[in-house]
Amino acid sequence: MAAPKCGLSVFLFILFGLTITTLADGHGSTLTDGQNAGAADSPEAAEPAAERPVLEERRWEATEVQEATSSDAADGKQETSPPQTVITPSVPQPKDDFQEELVIRPLHSGDIYASFQFRTLWETDFMRGNKVSHYRLFPKSLGQVISKFSVRELHISFTQGYWRTMQWGQPFLPSPPGAELWVWFQDTVTDVDATWKELTNVLSGIFCASLNFIDSTNTVQPSASFKPLGIGNVTDHRFLRYATLPREIVCTENLTPWKKLLPCGSKAGLAVLLKSEKLFHSSFHSQAVHIRPVCRDWQCRSMSWELRQTLNAVFDLHTSGQGKREWSLFKMFSRTLTEACPLASSSKIYIDVTDNPEVLFLSFDLSPATSLLSQAVVLGDRRTFSVYDLTQQATFGSVRSLNLLIRWKSSDGDMLRPLLHAERYVAGYGLQAGEIHTLMYNHHPFRSFPVLLLDSVPWYLRLYIHTLTVTSKGKDNKPSYIHYQPSKDRVRPHLLEMLVQLPPNSVTEVTVQFERALLKWTEYTPDPNHGFYVGSSVISSLVPSTVAMDTNSTQEMPLFSSFFPNKEESSYFVRVYTEPLLVNLPTPDFSMPYNVICLTCTVVAVGYGSLYNLLTRSFQIEEPNPGLAKRIANVIRRMRGVPPLS
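Keep in mind that this is a model prediction, so the values were computed, not measured. (Residues numbered from 1 in each chain as written. Predicted model: local features only at pLDDT ≥ 70, side-chain atom pairs only at ≥ 80, totals over all residues. Heavy atoms only, no water.)

**Some details on the overall build of the protein**
A tally of helices and strands in the protein yields 11 helices and 26 strands. In the protein, which comprises 646 residues, the share counted as buried stands at 44%. A fraction of 75% describes how many contacts in the protein between residues 6 or more apart in sequence connect residues 24 or more apart. A total of about 35,100 Å² of accessible surface is found on the protein, and carbon and sulfur atoms cover 56% of it. (Helix = DSSP H or I, 4+ residues; strand = E, 2+ residues; numbered from the N terminus. Buried < 20%, exposed > 50% of the residue type's maximum accessible area, 1.4 Å probe, protein only. Contact = heavy atoms within 4.5 Å. Areas by Shrake-Rupley, 256 points an atom, 1.4 Å probe, with all protein chains shown as cover.)

Below you can see the structure in the form of structure tokens.
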């Protein structure tokens, strides 16, 4: 009986194994058919393996299509109706674009003005609370800052040197000496001051700067200046904060993190020219980061986020040690260009040849020559540029290297004098009172225009606002708008905003008296005799234009001419910064503590030492020594055995 039972057990085991194998094969064929159907519905899955980068960019789309297809197949099993082909539209990934430009303008003084423009556009929306986890061209560090702190616009600049407007003209993007930061927050922020303080600390770490020293004593809330440059010009100014650090020193540790924000870094494209030893040897150097929401098309039906990184430098003719009016990319940057950034959709170099007409007497020679010319309206003037497209291999020639050379032939010609210019200085004597003078020049021969003046003065300069005077051509010029916020000691600075009409061909002077405060000894800087810096005044205005301005901002416009939005064809926006002030305050003699310490230690050592010696020394009575005769008599007495004399 045991043998039939064993045979029956073996037969049942084999039958059970065949059943499991059949079910597994049927399930595998079902999965294979579902995968083939998903591959047929998804065009990404049918692409060849040679286009692997494209597959990597669309990986999330293919995954979503496969999941939808498998769910549809599961629903089809439950229903008895015949299957239908359903194509689920994939969610499009946010698109981004990167452009880079270099503008070189020969100045009449023989110097060279070089302006780098890098723009990254990202079709996403941080304002709706969308969490973005995938970053391609847009730097993740800045994207997380925008999302975490609900930032609407962020503008930060680091500048070494002062822009000489009357010698160099107007810059494409102005900036004051030192560090400047102004931010627009979204209206969902409840505590703006706490968010502003935390944001400055984060930005201080990102850019390796001293932005953590920004606090309530140097932060103001303008009421009319610094309108948003992106979408939405009507915004509550309670969500605006502005601060400057005029003594901030810009060096290599600030340039390195700035270059790391670029998609190609400093390995390819125009960024290879950004060598610190050359840039910081220039007369003027400024680097900035601007983040704002912009319209995606001319109808503004959707928005994109724009990150614009700018770097401006002016190379001096005399500090170069050459003494020749000749410049090239290699002499300026110690590098030549060999390729464009592979991630850039546009990479161009513009050489301003407006002052170099096609006549017998050329101002300078430009080599290699190019036949591609472009015209753009910049700062109210129509300029002509020679364009070098780095995305074309023909630009580099047979040597696969581009080294632009500018050689001056003549120094004749007059520079177009800027219509708006400003200066500022401190008058007075002594260390008790003084006077701040701000001069605003209108060089237009027959047009007057209004300017908006913003002045932020530290609390230790106590302004006498009743002494404020505004004069033009020897007559009083009454401002049409004045906003003044008095300071609080060690809490907030003064804020003065005025709207003043500048007559044609005139100089308008704004003066106000102040009194210097006496600080606590712990509030002085390590070098108090050097003085205390006061930030630059900011002057904003719509200046009349000599040519019609383009009010339609398009993607084809050069980057250097499309930063400030224009709403009027007859004027253009200009922002001017004055010089920072260096003010001396009443400073105590910090050598006196040293003298007091030395004198006190001497007195203590002499007095306490003498008293301690008297209290701790033990005194003993010393017997007088006997005379010579008595000592001789005692010797004789000892020899005779007689007791000595006492």
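After presenting the structure, the write-up continues.
**A short note on the pattern of salt bridges**
As enumerated under the stated definition, the model contains 14 salt bridges in all. A salt bridge links K275 to E277; the shortest N-O distance between them is 3.1 Å. Given a relative accessible area of 48%, E277 falls into the partly exposed group. For R308, the salt bridge is made with E306, and the minimal N-O distance between the two is 3.1 Å. Neither R308 nor E306 differs from the other in exposure class; each is buried. What emerges from the salt-bridge pattern is a single network uniting R105, D352, D381 and R383. (Salt bridge = Lys/Arg side-chain N within 4 Å of Asp/Glu carboxyl O.)

**Considering the sheet that holds strand β13 (residues 381-389)**
Reading across from one edge, β5-β6-β4-β3-β7-β8-β2-β1-β10-β13-β12 is the order of the 11 strands in this open sheet, with mixed pairing throughout. Both edges of this open sheet fall to β5 (219-220) and β12 (373-378), since each of them pairs with a single strand only. As defined by bridge partners, strand β10 (residues 346-352) adjoins β13 across five bridges and the pair is classed as antiparallel. Within β13, the residue paired with I349 across the bridge is Y388. Contacting β3 (151-160), β4 (178-185), β5, β6 (240-245) and β7 (284-295), helix α6 (residues 192-207) runs over the sheet at an angle of about 135° to β4. (Pairing = 2+ DSSP bridges. Axes fitted to C-alpha atoms, helices over the stretch in contact; angles between N-to-C directions.)

**A few points about the state of the cysteines**
By definition, a disulfide links the sulfur atoms of two cysteine residues through a covalent bond. Within this structure, the stated rule accounts for one disulfide. The disulfide partner of C264 is C341, and the S-S distance across this bridge is 1.8 Å. The S-S bond linking C264 to C341 shows a torsion near 70°; that makes this disulfide right-handed. Of this pair, C264 sits in the loop between α7 (252-260) and α8 (276-279) while C341 sits in the loop between α9 (329-333) and β10, placing them 77 residues apart in sequence. On the accessibility criterion, C264 (15% relative accessible area) is buried. (Disulfide = S-S within 2.5 Å.)

**Overview of the nonpolar core**
Of all hydrophobic cores here, the largest spans 77 residues; its most connected members are L337 and I349. The residues touching L337, leaving out its near neighbours within four places in the chain, are G269, L270, V272, L273, L329, I349, L390, F396, R400, S401 and L402. Residues L502, V512, I539 and V576 belong to the second largest nonpolar core, which totals 35 residues. (Core = buried A, V, L, I, M, F, W, Y, C linked by side-chain atoms within 4.5 Å.)

**Remarks on α7**
Structural remark: α-helix, 3.6 residues per turn; residues separated by three or four positions point the same way. Looking only at α7, the buried set comprises N254, L255, P257, W258 and K259. On its buried side, α7 packs onto β2 (112-122), α6, α8, β7 and β8 (303-315).

**Points about unusual backbone geometry**
Trans is the common state for peptide bonds, and a negative phi is the common state for residues other than glycine. In the segment running from S367 into P368, the intervening peptide bond is cis, with an omega of -5°. Topologically, P368 is positioned in the loop between β11 (364-367) and β12. Its identity as a non-glycine residue notwithstanding, S150 has a phi of 55°, on the positive side. When you line up the elements, S150 lands in the loop between α4 (140-149) and β3.

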